[in-house]
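Understanding the architecture of this molecule
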Amino acid sequence: MKRIRSIKSMQRVVRELAAKKKRLSLVPTMGFLHCGHLSLIKRAKKNADIVIVTIFVNPAQFAPTDDLQKYPRDMKGDLAKIKKAGGDIVFTPDNKEIYPEDFQTYVTVERLTKTLEGKSRPTHFTGVTTIVSKLFNICRPDVVVFGMKDYQQAIVLKQMTQDLGYPIKFIITPTVRERDGLAMSSRNSYFNSDQRKEALCLYYALTTAKNMIKAGKRKTAIIEKEMKAVIKATCPTAKIEYIAFTDFVTLSPVKKIKKSTICSLAVKIHKVRLIDNAMLA
């Protein structure tokens, strides 16, 4: 496995691989990898000759109120995990490499970024689309793999890929969960054992929604009310930012469950912001 730090070196290696007609896949990450990330790498391995994994904690997608310096990092551990999962190249640029002095160009996807996470974090997606488009240009992948857990991000990036004409196959893989149902996230490391049990309230709420639909319930307002009750029963101090029922492709809100409806939610558990989602129909 090769580690590359500079853009010029990464571009040179990619050109050499392209000349050999190697099929390249890309898995962008911010590091502190867990089994969810590793599942993306394994899926990428099945779709290409060479897997490129990027590790870059992107400052452009953090809000001013977020503590960028507290974001968990473990470069040594990440490199070992990537190698074991089958990664071939790890691109680990620093901030100055990605955002040199006087950097002025940003990529924006309009409508899809105005709701859900975009409503709660207005500057977030511009940071995401900018860094990913830059990684696309540097790494020139044939395939890119993202996870369903951040499904709005995946939908936004898929739209960007289509709109800008990138010749990239876009794969979205299922959310990887702990045995008890908690969606894997780097943020889970912030919890103590009691807090982690309360973090399960998101999963319990989504399970409740699925069970209500199986019982014939279709009105989202009724389902949302019950989901809120489940969250508060599991974690009385939880702060619900949103519970949303939308069309999976357009992200348009729906009042009744129909085909391709997804429920997503964002909840703060002991000051740690978690997101999760589930397809309902």
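Computed from a prediction, not measured in an experiment: that's the story for all the values here.

Calculation notes
Residues numbered from 1 in each chain as written. Predicted model: local features only at pLDDT ≥ 70, side-chain atom pairs only at ≥ 80, totals over all residues. Heavy atoms only, no water. 1 Å grid on protein atoms, 1.4 Å probe; cavity = no way out; pocket = protein on both sides within 12 Å on 5 of 7 lines; lining within 4 Å. Points joined across faces, edges and corners; volume = space filled by probe spheres on them. Nonpolar A, V, L, I, M, F, W, Y, C, P; charged D, E, K, R; others polar. Helix = DSSP H or I, 4+ residues; strand = E, 2+ residues; numbered from the N terminus. Core = buried A, V, L, I, M, F, W, Y, C linked by side-chain atoms within 4.5 Å. Buried < 20%, exposed > 50% of the residue type's maximum accessible area, 1.4 Å probe, protein only. Contact = heavy atoms within 4.5 Å. Pairing = 2+ DSSP bridges. Axes fitted to C-alpha atoms, helices over the stretch in contact; angles between N-to-C directions. Parallel < 35°, antiparallel > 145°, perpendicular 65-115°, else oblique. Left-handed = near helix turned anticlockwise from the far one by under 90°. Patch = residues over 30% accessible without salt bridge, like charges linked within 9 Å, V, L, I, M, F, W, Y side chains within 5 Å. Areas by Shrake-Rupley, 256 points an atom, 1.4 Å probe, with all protein chains shown as cover. Salt bridge = Lys/Arg side-chain N within 4 Å of Asp/Glu carboxyl O. Lys, Arg positive; Asp, Glu negative; His and termini not counted. Charge placed at Lys NZ, Arg CZ, Asp CG, Glu CD.

One number sums up the size of the largest pocket: a volume of about 560 Å³. The residue makeup of the lining of the largest pocket, split by class, is seven nonpolar, three polar and nine charged. Along the wall of the second largest pocket there are 14 residues; nearest its centre are T115, L116, I243, A244 and P253. With five residues, the single largest contributor to the lining of the second largest pocket is strand β7 (residues 239-247). A breakdown of the residues in the lining of the second largest pocket according to their chemical character gives eight nonpolar, four polar and two charged.

Counting residues in each nonpolar core, the largest one holds 46 residues, and the members touching the most others are M10 and I52. The element best represented in this core is helix α6 (residues 124-139), accounting for eight residues. Residues in contact with I52, not counting those within four places in the same chain, are M10, V14, L24, S25, L26, V27, I89 and C139. L200, A209, V272 and L274 belong to the second-largest nonpolar core, a separate cluster that totals 28 residues.

Take the environment of N137 next. Structurally, N137 is set in helix α6. N137 gets classed as partly exposed once you look at its relative accessible area, which sits at 39%. For the pair N137 and I269, spaced 132 residues apart in sequence, the C-alpha to C-alpha distance is 37 Å.

Pairing is parallel in the open sheet, where six strands are placed in the order β1-β4-β3-β2-β5-β6. Sheet topology places β1 (2-4) and β6 (169-173) at the edges, where each strand pairs with a single neighbour. When the angles between neighbouring strand axes are averaged without regard to direction, this sheet yields 25 degrees. Pairing analysis gives six bridges linking strand β2 (residues 24-29) to strand β3 (residues 50-55), with the strands arranged parallel. Bridging across to β3, S25 finds its partner in V51.

Between α6 and helix α7 (residues 151-163), the shortest axis-to-axis distance is 10 Å and the interhelical angle comes to 50 degrees. Classified by the angle their axes make, α6 and α7 are oblique. Relative to α7, the crossing made by α6 is right-handed. On α7, the residues that touch H124, F125, V128, T129, V132, S133 and F136 of α6 are Q152, Q153, V156, L157, M160 and T161. Residue composition of the contact of α6 with α7, grouped by class: seven nonpolar, six polar and no charged.

Looking now at a positive patch on the surface. On the surface, R23, R43, K46 and K169 cluster together into a positively charged patch. Relative to the helices and strands, K46 resides in helix α2 (residues 35-46). The exposure class assigned to K46 is exposed, which follows from its relative accessible area of 72%.

So, to be careful, I would describe these as geometric facts and stop short of saying anything about function.
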